[in-house]
Structures are given as structure tokens and as C-alpha cells.
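This is what each chain is made of:
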Amino acid sequence: MIYPCRGALAEGERVPVPDALGKLPGHARAGVLVLLAGPTSTTQLVALTGQGLGSVGRHLKVLLDARLIRRRRVGRSVLYARTDLGQALVESQDP
């Protein structure tokens, strides 16, 4: 069975990180938050950001502790997505 590529990896352009949001948690961590518009795995985030697995893992931990993202297990994968609070934070920024 073959599943088509969907989501952030299938999309060609990156969503820019607003400057004000980037200053709050830092640009790298804000970039991870911006990319989590839909369920995304750690492996996908590493590919999208170009950051190392350890860095992405630390960003995810901080965002989880701040309750800006949530995680859920799907089979052998763990998927991350924004919470309502994380969504409100991203949407409150000027484009």
C-alpha cells in the first residue's frame, strides 16, 4: 500500500515566521510552532527545518511544556500539532 505525501512536506513554500513571534520563543522554536499547523512527526520537522533531531526534540519539549502544542501516538509515530493556545499565538501575529 502506498500513501501519497500530504501536509507540510508536500507543500512547496514555507510559512514565514513573524518577527514579533520569533522574538518571544526564538526564531528556531517559533519556526517549529509555525510548521505545526497540522499533525507533523519529528522526522518531518527535522527535514523541514534543517535542524538536528536533538534540537527539534528540545524545541518540542519546551513547546509541550508551554502547552502550545500537543502530541498523540499514531501506530509507531508520534505526531505533534498546535493547541488552541498555540494557534491563537500564531494567528495573533501580523503576516
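Read on for a plain summary of the structure. Quick caveat, the model's predicted, so the values are computed rather than measured.

Considering the overall build of the chain
Then comes step 1: Helix and strand counts for the chain come out as five helices and three strands.
Then comes step 2: Within the chain, counting contacts between residues at least 6 apart in sequence, those at least 24 apart form 46% of the total.
Then comes step 3: Entry remark: accessible area of the chain is about 6,500 Å², with carbon and sulfur atoms responsible for 54%.

Thoughts on the pattern of salt bridges
Then comes step 1: All told, the structure shown has one salt bridge when counted by the stated rule.
Then comes step 2: Note that Lys61 is salt-bridged to Asp65, the shortest N-O span being 3.0 Å. Residue Lys61 and its partner Asp65 are located together in helix 4 (residues 53-65), separated by four residues, close to a single helical turn.
Then comes step 3: A relative accessible area of 49% places Lys61 in the partly exposed class.
Then comes step 4: Relative accessible area serves as the criterion here: at 52%, Asp65 is assigned to the exposed category.

Remarks on the side chain of Gln51
Then comes step 1: Position of Gln51 relative to the elements: it lies in the loop between helix 3 (42-49) and helix 4.
Then comes step 2: Polar contacts involving the side chain of Gln51 include one to the side chain of His59, which spans 3.0 Å.
Then comes step 3: Ignoring sequence-local partners within four residues, the contact set of Gln51 consists of Ala28, Val32, Val46, Val56 and His59.

Brief notes about the pairing of strand 3 (residues 77-82)
Then comes step 1: In the sheet, strand 1 (residues 40-41) pairs with strand 3 via two bridges, with the strands oriented antiparallel. By the bridge assignment, Thr40 is partnered in strand 3 with Tyr80.
Then comes step 2: Summarising the sheet, strand 2 (residues 69-74) and strand 3 pair through six bridges and their orientation is antiparallel. Its bridge partner lying in strand 3, Arg72 is registered against Leu79.
Then comes step 3: Linking two consecutive strands that pair antiparallel, namely strand 2 and strand 3, is a turn of two residues; a positive phi of about 65° is found at Gly75 within it.

Focus: the side chain of His59
Then comes step 1: One can find His59 in helix 4.
Then comes step 2: Discounting chain neighbours no more than four positions away, the residues touching His59 are Ala28, Arg29, Val32 and Gln51.

A look at the nonpolar core
Then comes step 1: Of all hydrophobic cores here, the largest spans 14 residues; its most connected members are Leu36, Leu45, Leu60 and Ile69.
Then comes step 2: Contributing elements (two or more residues each) for this core: helix 2 (27-35), helix 3 and helix 4.
Then comes step 3: Per element, the largest residue contribution to this core is four residues, and it comes from helix 4.
Then comes step 4: Each residue touching Leu60, except ones within four places of it in the same chain, is listed here: Val32, Leu36, Thr42, Leu45, Ile69 and Tyr80.

Definitions and cut-offs
- Residues numbered from 1 in each chain as written.
- Predicted model: local features only at pLDDT ≥ 70, side-chain atom pairs only at ≥ 80, totals over all residues.
- Heavy atoms only, no water.
- Helix = DSSP H or I, 4+ residues; strand = E, 2+ residues; numbered from the N terminus.
- Contact = heavy atoms within 4.5 Å.
- Areas by Shrake-Rupley, 256 points an atom, 1.4 Å probe, with all protein chains shown as cover.
- Salt bridge = Lys/Arg side-chain N within 4 Å of Asp/Glu carboxyl O.
- Buried < 20%, exposed > 50% of the residue type's maximum accessible area, 1.4 Å probe, protein only.
- Polar contact = N/O pair within 3.5 Å; in protein donor to acceptor, adjacent residues only side chain to side chain.
- Pairing = 2+ DSSP bridges.
- Core = buried A, V, L, I, M, F, W, Y, C linked by side-chain atoms within 4.5 Å.

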